[in-house]
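Here is what each chain is made of, one letter per residue.
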Amino acid sequence: MADSNKTVRDVKFHVTRYNPETDAAPYVKTYTVPVREGMTVLDGLHYIKENLDGSLAWRFSCRMGICGSCGMLLNGRPTLACNTQILHIAETQLTVGPLPNFDIIRDLVPDLMSMFEKHRSLKPYVVRADEAEVNDPAGEFYQTPEQLEAYLQFTYCIKCGCCMAACPTLATDARYLGPMPLSAAQRYNQDTRDDGRPQRNQVTGSAHGAFRCHYAGECSRACPKGVDPAKAIQHLKRRLVLDYLRLARRKKACQKLHGPGQGQPPGNIPAAPPKTVTPSA
Amino acid sequence: MRETKYWTWHMAAGVVIFLLLGLHMLVMHLGGWTHLFAPFGGEAVSRDNSLFRDGKLFFTATYILLLGVALYHGLYGLRTILFELTLKPAAEKAVTFILLVGGLGLFGLGTWAAIVVHAAAAAARG
Amino acid sequence: MAQINRHDNRLGLWGWLGGGRWGIERYAYILHRLTGLGVLFYFLMHIVVTSLRAFGVYLWIEGGVFHQPIFRVGEFLVYAAFAYHAFNGIRLVLVELGFAVGAPIEPVYPYKTSLDVQRPLLIVMMILAAIFLAVGGYEAIGLAR
């Protein structure tokens, strides 16, 4: 087995630096990092911060591709720093930059708010006409495994913004909704519990909505979770066109409140404690 | 939803153009070889061959259809590209207006020419 | 709270052409744009020039301005642009209507995306465009006469 403490080779990190208080524009600073086997780019940045330059800023949390904080531009490709091994992508040189198509807050920290605002505008939650049932459920919504699979892939999105950084349309069109919000819209449109598609169609079918996607495919190539936003957007467009032509099968939200047990709880489950919160209407 | 409408027809127009412009290209580029709709020999685009096609109602009708459909497809495509440059709303309105007026103007010109030439060619043939 | 400076890091037009490791669909996308603009530019002039035949003016026949070799080459480029734009366009129509991208799947690493699903369609369309182009080229260089 390889000795994980042994330095394999030195790799030069060309890191984009930008301090909004002192710098007019970003510049590149180079650090030499001794790389061990299995070392991720995130580990390399930690090495720089601990040993070479404590002022370097970036965002991270979980270190295991779950939280979506450490999206960066590594050798020109947007991806997560935590699940990219240095030796897999770099011989001796590695460029590390912030995700493009977002404002830079500092160094490698992009401002993802523009993405989250677009995400919010698409109502990324189950929208139902029967609000009383949502606030005070009388049972469960029954969904078959096939119905689940119609949107499950798009639920794996971790909102890291890599797809937005890879998208050529977003490079020029600041108002384009982008791959991540659009695939989130498709995720809820496809959910049998949801009634919200007509509302979302108003946004996804707008001038800067789904039809600004021209299938360059970079979002699906960049996605570190295999969510395949390009696929979601094409299915979304299909549904928009069918809705416009009134050819879509009439989809009503799932009305069945009980699963195979027809709402009868198994006898051995103790009663729920009394409610402590009353949902507001 | 307005953009959904425009884009749906943009795609539908694309399919119509695929068929009609495909035929147009075969006639114009290969007609000198195949003599398809070019009975006078020589180049497919020679004056005689052009007049032969202009005298046929099928060609005049498809010219006008192709003109309208292709103008819509092309100018909407151009508008799409321009709109992806983060224009100001006023500029977007201006682009739409200019393309609409320009497109209608060219459609009027082309349709008028096709009908005038068709009438003349049909009259000459008797 | 004090105003924080931000550096706008949008890639701009360079983002259409580059910005990331390019995949074949990225090239297809940019070529679709360029050929579309090229064909449109030709088409708008074509309307005006051919409309002049209503006045008996045929600029493209033997002796006319547009019969010179340079315009013949240009016309063949338009033909080539159309061949690409048309066949790639049919692929895009199929893809954008969700026919050629596959159903949602469980993402298992290494991820297989809709790009892989529609790739055979892209290849078939490019072969058809190449055949269309070859036939036109065969005629254009005069072999057919």
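Heads up: the structure comes first, above all this text.
Residues numbered from 1 in each chain as written. Chains lettered and ligands numbered in written order. Predicted model: local features only at pLDDT ≥ 70, side-chain atom pairs only at ≥ 80, totals over all residues. Heavy atoms only, no water.

Engineer: What's the story with the overall build of chain B in this structure? I'm lost.
Structural biologist: For chain B, the count of helices and strands is four helices and zero strands. Secondary structure elements in chain B, listed N-terminal to C-terminal, are α-α-α-α. In summary, chain B has a C-alpha radius of gyration of 18 Å against a globular reference of 14 Å for 126 residues, an excess of more than 25%. Considering only C-alpha atoms, chain B reaches an extent of 55 × 25 × 20 Å along its principal axes. Counting every position in chain B, which comprises 126 residues, the buried fraction comes to 49%. In chain B, the share of contacts with a sequence separation of at least 24, taken over all contacts with a separation of at least 6, comes to 61%. (Helix = DSSP H or I, 4+ residues; strand = E, 2+ residues; numbered from the N terminus. Rg over C-alpha atoms; globule rule 2.2 N^0.38 Å. Buried < 20%, exposed > 50% of the residue type's maximum accessible area, 1.4 Å probe, protein only. Contact = heavy atoms within 4.5 Å.)

Engineer: Help me understand the interface of chain A and chain B in this model?
Structural biologist: Interface size is commonly expressed as the accessible surface area that is lost when the partners come together. Taken residue by residue, the interface counts 18 residues in chain A and 17 residues in chain B. Both sides of the chain A and chain B interface together cover about 1,600 Å² of buried area, and 58% of this is carbon and sulfur. Put simply, chain A and chain B have three salt bridges between them. Residue B:E92 is joined to A:R175 by a salt bridge in which the shortest nitrogen-to-oxygen separation is 3.3 Å. Put simply, chain A and chain B have eleven residue pairs in polar contact (both at pLDDT 80 or more) between them. Listed by contribution, the elements that provide at least two residues to the side of chain A that touches chain B are α7 (168-172), α9 (197-204) and α11 (229-244) of chain A. Sort the elements by how many residues they give to the side of chain A that touches chain B and α11(A) lands first, with three residues. Residues that form the side of chain A that touches chain B fall into these classes: seven nonpolar, eight polar and three charged. (Buried area = accessible area lost by both parts, 1.4 Å probe. Salt bridge = Lys/Arg side-chain N within 4 Å of Asp/Glu carboxyl O. Polar contact = N/O pair within 3.5 Å; in protein donor to acceptor, adjacent residues only side chain to side chain. Nonpolar A, V, L, I, M, F, W, Y, C, P; charged D, E, K, R; others polar.)

Engineer: I keep staring at the nonpolar core and nothing clicks. Help me out?
Structural biologist: Generally speaking, soluble globular proteins have nonpolar side chains that are buried together. Membership of the largest hydrophobic core comes to 90 residues, with the highest contact counts inside it found for A:F13, A:L45, A:M72, A:I86 and A:V96. Of the residues that make up this core, three or more belong to each of domain 1 (7-110) and domain 2 (113-244) of chain A. (Core = buried A, V, L, I, M, F, W, Y, C linked by side-chain atoms within 4.5 Å. Domains from an automatic or database assignment.)

Engineer: I would appreciate a short explanation of the sheet that holds strand β4 (residues 77-80) of chain A in the present structure.
Structural biologist: Each strand in a sheet pairs with its neighbour through backbone hydrogen bonds, running either in the same direction (parallel) or in the opposite one (antiparallel). Residues and elements named next belong to chain A. Spatial strand order, β2-β1-β5-β3-β4: five strands in an open sheet with mixed pairing. Unpaired on one side and paired on the other, β2 (27-36) and β4 mark the two borders of the sheet. Across the sheet, the mean angle separating the axes of adjacent strands is 35° when strand polarity is ignored. Sheet topology places strand β3 (residues 71-74) next to β4; four bridges connect them, and they run antiparallel. Each residue of the ladder has a partner; that of G71, found in β4, is L80. Contacts from helix α1 (residues 41-52) reach β1 (7-17), β2, β3 and β5 (93-97), with the element oriented near 105° to β2. (Pairing = 2+ DSSP bridges. Axes fitted to C-alpha atoms, helices over the stretch in contact; angles between N-to-C directions.)

Engineer: Where do I start with the sheet that holds strand β1 (residues 7-8) of chain C in this structure?
Structural biologist: Read from one edge of the open sheet, three strands run β7(A)-β6(A)-β1(C), paired in antiparallel fashion. A strand with exactly one partner marks an edge of an open sheet, and here the two such strands are β7 (109-111) of chain A together with β1 of chain C.

Engineer: What exactly am I supposed to notice about the interface of chain C and chain A here?
Structural biologist: Counting residues at the interface gives 42 residues for chain C, matched by 52 residues for chain A. Summing the contributions of chain C and of chain A, the shared interface buries around 3,800 Å²; its carbon and sulfur component is 53%. Linking chain C to chain A there are four salt bridges. A salt bridge links A:K237 to C:E96; the shortest N-O distance between them is 3.2 Å.

Engineer: Got a minute to help me understand helix α5 (residues 145-155) of chain A in this structure?
Structural biologist: Side chains that are three or four residues apart share a direction in an α-helix, a result of its 3.6 residues per turn. Within α5(A), the full set of buried residues consists of A:Y151, A:L152, A:Q153 and A:F154. Here the buried face of α5(A) lies against α8 (179-189) and α11 of chain A.

Engineer: Honestly, a nonpolar patch on the surface in this entry has me stumped. Any pointers?
Structural biologist: Together, B:W33, C:I123, C:V124, C:I127, C:L128, C:I131, C:V135 and C:Y138 make up a nonpolar patch on the protein surface, roughly 680 Å² of accessible area in all. By residue number, the principal contributor to the nonpolar patch is helix α4 (residues 114-140) of chain C, which donates seven residues. (Patch = residues over 30% accessible without salt bridge, like charges linked within 9 Å, V, L, I, M, F, W, Y side chains within 5 Å. Areas by Shrake-Rupley, 256 points an atom, 1.4 Å probe, with all protein chains shown as cover.)

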